[in-house]
Amino acid sequence: MFSVHNRLASKNINTTRNEGSSECEGFNLRTFRWTQTMLFAINEINNRYDLLPNTDLGYVIYDSCYTISKAVEGTLTYLTGTDEAVPNYRCGDGPPQAALVGAGGSDLSVATARILGLYHFPQVGYFSSCSTLEKTFQFPTFLRTIPNDKHQSSAMAKLVLHFGWTWVGTIASGDDYGKYGIKAFKDLVEEAGVCIAFSETLPKGNSPDDIQRIVQTIVESTAKIIVVFSSDVDLSPLIPELIQHNVTNRTWIASEAWITSALIMEPGVSAVLGGTLGFAIKRADIPGLQDFLLDLDPYDDALTEEFWEMLFNCTLDYGKALQRSKAKAKGANSTHSRAERDVPDGLCTGRESIAKLGSTYSDVSQLRITYSVYKAVYSVAHALHNMEHCVDGKGPFYGKDCANISTFEPWQLMYYMKNVRFKVPHTGEEVYFTNGDVEPYYEILNWQFNDNDEISYVSVGHFNGSAAPEHSLTITNDSIVWINEVLEPPRSVCSENCQPGTRKGIRQGEPVCCFDCIPCADGEISNTTNARECILCGEDDWSNDAHDTCTPKIIEFLAFGEPLGITLIVISVFGALVTIAVAVVLIMNISTPLVKANDPLLSFSLLFSLVVTFLCSIVFLGEPKDWSCMTSQVALALGFALCLSSIIGKSVVLMFRALALKAIRKKLKAAAKAAKAAAEAAANNEGPDIIVTNTNNSNNNNTTVGANAEVDRLTFAQQRVIAVVATLIQAIVCTVWLIVLPPHSIKNTSAQNIKIILECDEGSVVFICCIFAYDILLALIAFIFAFIARKLEDHFSEGKFITFGMLVFFIVWISFVPAYLSTRGKFMVAVQIFAILASSFGLLACIFLPKCYVLLIKPESNTEEMMKPRPKPRDSTGTSMSLATTATEIPATTASTAIDD
């Protein structure tokens, strides 16, 4: 059974009579060669003495017209044994029927195999590669000499993956061959990440609208690779439309059914299908076949006659030729036409040369399906041979019986067909069936056209389905000539590869192969192409600018050697040296009234604490270590505690003096008022205008308040005790802090992305808050005491200087808080050091600069008188006012008034 014709002939829809079997049209030269190859194989077998020496093979040829209905009709006719299909009846006689070779396409074989399976009748397919035919339950008697399409689908998938194509279009014929083949291909490539850009089905029969729609889909698609799983008959209507629409720049992947077919070879096809890659079954040279094909008698049968007339465009029927010649002569109105001669125009002689014509029929350069037909005939012959030479008592059937070759049942031959094993003549290929299939082997062909548009099928690799998966596909890239004679493989992707540093972002509603390349976020990298996710760098690493490598983060701390560090060291050392210089000046003037005025020891402890605060800022520099973290924080806390405690010790005495002076002045004011009242009373009594006052007593009392130690409520020892106790409290808290939760160095990786900040962790927020809250408390106390003492009107007002110093201290540290919180990294340390230095310089300048000014610039002012309170200024507007003012300065305890009668 061969599809010698491509389709059924169109019927006249107006006819009402039953015309019986439908006629066929569209003669296929390639398929006719297959029929002649079967005849050649049968003749070759019948002429052999080693194969079926006592039996001759016969044949009956049925034309399926590439139509299921005709294939079923032929099968039933074959089983019936007559020219009419009578299901379930065997009406013919004669020699037994052995097997069916056919029926051509996969869908035809599926239809025939379902029927033949019911009768256990052997069927050998030569062109039916559909994977569904491997189901032995549905098709128990079907065998084939062409590989199973599941291997071809796998080979196509491996080819697509080999070249990295991820955006592929598919076209399949609308039969079992195309549907099952393309489905297996799509399942394999989609599992590997390839996307199907479009999937079209070729119509069966003439359907221009469907063809136009498929062409439009191809034109609009961006896929450069198109996989076609179809026969040449179904594909042929599409080729002219592709040529007409100039669909170039596409690479086609062909199945074995059309890769070597001449049916689609039309003028201009090289521009469309040039560079096509496809899979072809094994090729072989069959000696003597070409001579057999050329030595054809056109009068053998109806098929041969039709072939001859179609090939040479003439007719073998003398009557038809004469009728045509007369019609032509009548149309030309010629009186001397060939119609009057013995040989009519258009009549075949039967001696025309097939070889000179060079048709597809006589082309034996690519014997692939032809070779498959050859093997199918030989497989039946070898099975019959084995059955014929069965030895009685050693047979395979019940009771070890053998079958009689003259009267065997189909199922008996089926046994031998399944177990046949032979070598093909001339090629030496060993053929055997495994579950009805032969070993899968495909040759990969590349269509290469020359300047004359002549095609060459160049072998560029092969696929061996029996080999290990990693070695099954072998292909030589350098041998391939692609479309437009390009040497580099085309790219077919929906989206270009995402380079390292980016990740794939799927587009909503589109295939996974269509994506956007999204840059990795800071701190994340991707070091592979088409990464699905970005990798988060480690805690100590950060992504580089390209986001393809994790690099170690920059380690940051305020180093000694950098400009900012050097500047801070210089300022700190300068402050410490200035403080020491002030201490030296005080020591040199230790015996002067100015130095002795308010406990020199507290002055030196204050200077010592300032030296500590200046120098402890240096410890904040450099790479933080556990010891440096503890030292810097504790030294700062204790330094300021000693400093502020010493200021408290100084300011508390000044506060008490100011309060005492205020109380005395209140008393003096009251006494002055009493004296004034007495004077007014005496005047009213008209006594002598004599008032005796002791005017010097007021100044003496002021001096006593300012300089007399007996007036001070606290002694120097008590001042020192206050300073020591206040400092000791801070020292105890710091000691507990260092024991329980001491400060330690840490790597801060969260403050800044690209940096690791080496800094000190306080250990306990509670302790650090308590410690510096205590320092703030001391500062507030010192400020309050100094603020109260600011009105102590000494010639040298130390209370005012301390008040200014504490105001500077508060301004610095209040400004420090927002500045500290708004900075990161080493600049936080720099802000803290600046605050320490600024507050230290503020205290040093406000408290000790006036003293140094007097000691160094105005030493003549360093006297006892300068240390005494200044007289309180009064307004003087007349005699009465002067008198009143003088009267107000009379101490109540010493004033004496003498009224002379």
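Everything quoted here is computed from the prediction, not taken from an experiment.

Reading guide: rules and limits
- Position labels on residues start from 1 in each chain and follow its written sequence.
- Selection of residues for local features in this predicted model requires a pLDDT of at least 70, selection of side-chain atom pairs for listing and counting requires 80 or more, and totals for whole chains, interfaces and linings are taken over all residues.
- Excluding hydrogens and water, the side-chain values take into account all heavy atoms of the structure.
- In this text, helices come from DSSP runs of H or I with a minimum length of four residues, and strands from runs of E with a minimum of two, each type numbered from the N-terminal end.
- Here the term buried applies to any residue with accessible area under 20% of the maximum for its type, exposed to any over 50%, and partly exposed to those in between, with areas from a 1.4 Å probe on protein chains only.
- Any two residues having at least one pair of non-hydrogen atoms within 4.5 Å are treated as being in contact.
- To be clear on the numbers: accessible area is Shrake-Rupley with a 1.4 Å probe, and residue cover counts the displayed protein chains and nothing else.
- The rule for a salt bridge is simple: a side-chain nitrogen of Lys or Arg has to be within 4 Å of a carboxyl oxygen of Asp or Glu.
- By convention a nonpolar core is built from buried Ala, Val, Leu, Ile, Met, Phe, Trp, Tyr and Cys residues, the set being connected through side-chain atoms within 4.5 Å.
- Scored from 0 to 100, pLDDT reflects the predictor's confidence in each residue.
- Stacked, edge-to-face and tilted labels apply to pairs of Phe, Tyr and Trp rings (six-membered ring for Trp) whose centres lie within 6.5 Å, assigned for plane angles under 30 degrees, over 60, and everything in between, in that order.
- Charges are assigned to positions over rings by a cutoff of 6 Å between ring centre and Lys NZ or Arg CZ, combined with an angular limit of 35 degrees from the ring normal.
- Here, a disulfide means two cysteine sulfur atoms that sit within 2.5 Å of each other.
- Only when DSSP finds a minimum of two bridges between them are two strands counted as paired.
- Put simply, a patch holds well-exposed residues, over 30% relative accessible area, that have no salt bridge, with like charges counted together within 9 Å and Val, Leu, Ile, Met, Phe, Trp or Tyr side chains within 5 Å.
- Handedness is read with the strands pointing away from the viewer; a crossover is right-handed when the path from the first strand over the helix to the second is clockwise.
- Whenever two N or O atoms come within 3.5 Å, that pair is a polar contact, provided that in protein one can donate a hydrogen and the other can accept it, and provided that, for residues adjacent in sequence, both atoms are side-chain atoms.
- Every axis in this analysis is a line fitted to C-alpha atoms, fitted for helices over the stretch in contact. Angles between the N-to-C directions lie between 0 and 180 degrees.
- Only four residue types enter the tally: Lys and Arg on the positive side, Asp and Glu on the negative side; His and the chain ends are excluded.
- Where a charge sits is defined by one atom per residue type, namely NZ (Lys), CZ (Arg), CG (Asp) or CD (Glu).
- We call two directions roughly parallel when the angle between them is under 35 degrees, roughly antiparallel when it is over 145, roughly perpendicular when it lies between 65 and 115, and oblique otherwise.
- Left-handed is the label given to a crossing in which the near helix is rotated counterclockwise from the far helix by less than a right angle, and right-handed is the label when the rotation is clockwise.
- Classification convention: Asp, Glu, Lys, Arg as charged; Ala, Val, Leu, Ile, Met, Phe, Trp, Tyr, Cys, Pro as nonpolar; all other residues, Gly among them, as polar.
- By this rule, a helix spans an expected 1.5 Å times one less than how many residues it contains.

Across its full length, the protein chain carries 26 helices and 24 strands. The 901 residues of the protein chain split such that 49% are buried. Partitioning the contacts of the protein chain with sequence separation of at least 6, the portion at a separation of at least 24 is 69%. Taken as a whole, the protein chain presents about 43600 Å² of accessible surface, with 55% of it coming from carbon and sulfur.

Attention now moves to the pattern of salt bridges. The final tally for this structure, using the stated rule, is 20 salt bridges. Arg30 is the salt-bridge partner of Asp232, the closest N and O atoms lying 3.1 Å from each other. Linking Asp232 in helix α7 (residues 232-235) with Arg30 in helix α1 (residues 29-46), this pair joins segments that are 202 residues apart in sequence. By relative accessible area, Asp232 is classed as buried at 4%. Here Asp210 ties to Arg213 by a salt bridge, and the two come within 3.8 Å at their closest N and O atoms. Of the two residues, Asp210 and Arg213 are both situated in helix α6 (residues 208-220); the distance of 3 residues between them amounts to about one turn of the helix. Here Arg213 falls in the partly exposed class, since its relative accessible area comes to 36%. Linked by salt bridges that have partners in common, Asp107, Asp175, Lys204 and Asp234 make up one network.

Quick look at the nonpolar core now. Residues Phe185, Ile253, Leu277, Phe279, Phe307 and Leu384 are the most contacted members of the largest nonpolar core, which totals 98 residues. In terms of residues, this core owes the most to one element, helix α14 (residues 369-388), which gives 12 residues. Val611, Val652, Phe785 and Ile802 belong to the second-largest nonpolar core, a separate cluster that totals 58 residues.

This part covers the confidence of the model for the protein chain. Scored by pLDDT, the protein chain comes out at a mean of 84, with 89% of its residues at no less than 70. Contacts from residues 335-340, a stretch scored under 50 in pLDDT, to residues over four places away or in other chains number 10 contacts. In this model, residues 687-711 is a region of pLDDT below 50 whose contacts with residues beyond four sequence positions or in other chains number 42 contacts.

The full count for this structure, using the stated rule, is 35 aromatic pairs. Consider the rings of Phe640 and Trp813, whose centres lie 5.8 Å apart with planes at 85°: the pair is edge-to-face. Placement of Phe640 in helix α19 (residues 626-684) and of Trp813 in helix α23 (residues 798-821) is noted, with a sequence separation of 173 residues between them. Put simply, the rings of Phe640, Phe783, Phe787, Phe809, Phe810, Trp813 and Phe816 touch in pairs and so form one group of aromatic residues. Sitting over the ring of Tyr432, Arg421 keeps its end group 4.0 Å from the ring centre.

Time to look at the state of the cysteines. Per the counting criterion, the structure on display carries 9 disulfides. The disulfide bridge from Cys494 ends at Cys514, spanning 1.9 Å between sulfur atoms. As the torsion about the S-S bond is roughly 105°, the Cys494-Cys514 disulfide counts as right-handed. Highlighted residues: Cys494 in the loop between β15 (473-475) and β16 (502-506) and Cys514 in the loop between β16 and β17 (515-519), separated in sequence by 20 residues. By relative accessible area, which is 2% here, Cys514 ends up buried.

The strand order β3-β4-β5 describes an open sheet built from 3 strands, whose pairing is parallel. Only two strands of the sheet have a single neighbouring strand rather than two, namely β3 (100-101) and β5 (142-144).

This part is about a nonpolar patch on the surface. Residues Leu659, Ile776, Leu780, Ile784, Phe787 and Ile788 make up a contiguous nonpolar surface patch of about 500 Å² in total accessible area. Sort the elements by how many residues they give to the nonpolar patch and helix α22 (residues 765-789) lands first, with 5 residues. Mapped onto the elements, Ile776 comes out in helix α22.

With respect to the secondary-structure elements, Thr592 resides in the loop between α16 (563-588) and α17 (593-596). The buried category is assigned to Thr592, whose relative accessible area is 16%. Apart from the residues lying within four places of it in its own chain, the contact partners of Thr592 are Leu855 and Asn862.

Taken together, the 7 bridges between strand β6 (residues 167-173) and strand β7 (residues 195-202) define a ladder with parallel strand orientation. When the sheet's bridge partners are listed, Ser173 is paired in β7 with Leu202. In this fold, β6 hands off to helix α5 (residues 176-191), which returns the chain to β7; that crossover is right-handed.

Moving on, we get to the side chain of Gln412. Secondary-structure assignment places Gln412 in helix α15 (residues 410-418). Gln412 gets classed as buried once you look at its relative accessible area, which sits at 14%. From its side chain, Gln412 meets the backbone nitrogen of Glu409 in a polar contact 2.8 Å long. Setting aside residues up to four positions removed in sequence, Gln412 forms contacts with Phe397 and Ala403.

Our focus in this paragraph is the sheet that holds strand β9 (residues 251-254). Read from one edge to the other, the open sheet built from 8 strands follows the order β7-β6-β8-β9-β10-β13-β14-β15, with strand pairing classed as mixed. Either end of the sheet is taken by a strand with one partner, and the two such strands are β7 and β15. Within the sheet, the average angular offset between the axes of one strand and its neighbour, ignoring direction, is 25°. Contacts from α5 reach β6, β7 and β8 (225-229) within the one sheet, and its direction differs from that of β6 by about 160°.

The linkage connecting Gly102 with the following residue, Ala103, adopts the cis geometry, with an omega of 20°. Although it is not a glycine, Asn530 sits at a positive phi angle of roughly 60°. Looking at where Asn530 falls in the secondary structure, it is placed in the loop between β18 (524-525) and β19 (535-536).

Turning our attention to a negative patch on the surface. On the surface, Asp291, Asp295, Asp297, Asp300 and Asp301 cluster together to form a negatively charged patch. Here Asp291 is to be found in helix α10 (residues 289-294).

Contact geometry of α19 with α22 gives a least axis separation of 7 Å together with a crossing angle of 25°. When the axes of α19 and α22 are compared, the pair comes out roughly parallel. Judged by the sense of rotation from one axis to the other, the crossing of α19 with α22 is left-handed. When grouped by side-chain class, the residues that make up the contact of α19 with α22 number 23 nonpolar, 3 polar and 1 charged.

Between its first and last C-alpha, helix α21 (residues 716-740) extends 36 Å over 25 residues, near the 36 Å set by a 1.5 Å rise per residue. The set of residues buried in α21 consists of Gln719, Ala723, Ala726, Thr727, Gln730, Cys734 and Trp737. In the core, the buried residues of α21 are packed alongside α18 (600-619), α19 and α22.

To continue, consider the environment of Glu305. Residue placement: Glu305 occurs in helix α11 (residues 302-312). Residue classification places Glu305 among the partly exposed residues on the basis of a relative accessible area of 30%. With 45 residues separating them along the chain, Glu305 and Gly350 place their C-alpha atoms 9.5 Å apart.

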